[in-house]
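So you can see what is in the structure, the chains are spelled out below.
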Amino acid sequence: MEGEEGSSATPNVKKRVFKRICVFCGSRAGYKSTFSDAALELGKLLVKRKINLVYGGGSVGLMGLISQTVFNGGCHVLGVIPRALLPHEISGETIGEVKEVADMHQRKAEMAKNADAFIAIPGGYGTMEELLEVITWSQLGIHDKPVGLLNVDGYYNSLVALFDKGVEEGFIEDSARHIVIIANTADELIKKMEEHEPVHDKVALGQSWEVNQLLESNVGSPKI
Ligand SMILES: C/C(=C\CNc1ncnc2c1ncn2[C@@H]1O[C@H](COP(=O)(O)O)[C@@H](O)[C@H]1O)CO
C-alpha cells in the first residue's frame, strides 16, 4: 500500500507515514483571510511533520503561500508545471525543484506519481478538477493513495452535498463516497488520512494500469 509504514498506538491499526503530499489549491487567494491562513497552517504542518510538497508550480495565490512556507521550512518542494504556464507573468516565480511538462494531463499524472497522498484546499475549477480526477482514479483502482479535502470555512459544503446527492440518486457507490476524507483543519485532516484504510483492493482494473502508464500514453493530448 502506498505511503503505509509504521504502526500506531492501537494494535493492528497501521498508520500511513507520508513523505510527499500533493496539494491542489487556488491560483488565487480568495477573498477571505481564512483561506490564506489555512494554506499557511497546512504548509507549517507539513514542515513540522517533515513532509515534502508536490504542487502545480509557481507562486500565485494559495499555491505561492503554501510552497513558500514549505520551502522556507526546509522541506523539498516539487512544482510540476506545463510549459505554457511557465512564463513568470502567468504563474509567478518558481520555487524549489521545477519539473516542466508538456501539458495539463502530464502534469496531473506526474504530480500523482510523485506523491503518496493528495490534499485539496480551497481553489477554483483547476483545484476542483484535480481533486475529482484523483478521486476518480481511486474509484477505478488506479491508486489507493488517500485523498483529503480541507473544507476551510465550509467552502466545499456544496461540493460535498453534491457528492451525497450522487449517492442518493444512484450515481456514486456508497463505498466510493468515502474515498474523499474531509476535515475542517489541516491537523485533523492529516490524522484522518494517516488512519485511512484503502477503499478497494489495489488496482481493480488490472495490475498493469498505473499512473506511470497514463503518463506514457499521453502522446497526442492537447498541449495546454
Ligand atoms: C490563469 C491563472 C493562473 C495560472 N497560473 C497557474 N499556475 C500554476 N498552476 C495553475 C495555474 N492555474 C491553475 N493551476 C493548476 O490548477 C490548480 C489551481 O487552479 P484554480 O482554478 O486556481 O483552482 C493548481 O493546483 C494548479 O495545479 C489565473 O487564475
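Residues numbered from 1 in each chain as written. Predicted model: local features only at pLDDT ≥ 70, side-chain atom pairs only at ≥ 80, totals over all residues. Heavy atoms only, no water.

Can you tell me about empty space enclosed by the protein, naming the residues and giving the values?
With a probe scaled to a water molecule rolled over the atoms, the places where space remains empty come into view. Taken as a whole, this structure holds 2 cavities of 30 Å³ or more when the rule is applied. In this structure, the second largest cavity encloses a volume near 40 Å³. For the lining of the second largest cavity, the secondary-structure elements that each account for two or more residues are β1 (20–24), α4 (104–113) and α5 (125–139). If one sorts the elements of the lining of the second largest cavity by residue count, α5 sits on top with 4 residues. Residues belonging to the lining of the second largest cavity are distributed by class as follows: 7 nonpolar, no polar and 3 charged. (1 Å grid on protein atoms, 1.4 Å probe; cavity = no way out; pocket = protein on both sides within 12 Å on 5 of 7 lines; lining within 4 Å. Points joined across faces, edges and corners; volume = space filled by probe spheres on them. Helix = DSSP H or I, 4+ residues; strand = E, 2+ residues; numbered from the N terminus. Nonpolar A, V, L, I, M, F, W, Y, C, P; charged D, E, K, R; others polar.)

Can you tell me about the pattern of salt bridges, naming the residues and giving the values?
Applying the stated criterion across every chain, the model contains 11 salt bridges. For Lys99, the salt bridge identified is with Glu110, shortest N-O distance 3.0 Å. Taken together, the residues Lys99 in strand β4 (residues 97–101) and Glu110 in helix α4 connect sequence positions 11 residues apart. We classify Glu110 as buried; its relative accessible area is 4%. Across the salt bridge formed by Lys108 and Glu133, the nearest N and O atoms sit 2.5 Å from each other. Of this pair, Lys108 sits in helix α4 while Glu133 sits in helix α5, and the two are 25 residues apart along the sequence. Taken together, the shared-partner salt bridges in this structure form one network comprising Lys15, Arg49 and Glu194. (Salt bridge = Lys/Arg side-chain N within 4 Å of Asp/Glu carboxyl O. Buried < 20%, exposed > 50% of the residue type's maximum accessible area, 1.4 Å probe, protein only.)

Tell me about the sheet that holds strand β2 (residues 52–55), and name the residues and values.
Spatial ordering of the open sheet is given by β4-β3-β2-β1-β5-β6-β7, a layout of 7 strands whose pairing is parallel. Each having just a single partner strand, β4 and β7 (180–183) make up the two edges of the open sheet. The average angle at which neighbouring strand axes cross in this sheet is 25°, direction not considered. Direction of pairing for β1 relative to strand β5 (residues 117–120): parallel, over a ladder of 4 bridges. Paired with Ile21 across the strands is Ala117, a residue of β5. Helix-sheet contacts for α4 involve β1, β2, β3 (77–82), β4 and β5, and the interaxial angle to β3 is about 160°. (Pairing = 2+ DSSP bridges. Axes fitted to C-alpha atoms, helices over the stretch in contact; angles between N-to-C directions. Contact = heavy atoms within 4.5 Å.)

Function cannot be inferred from these measures alone, as they are strictly geometric.
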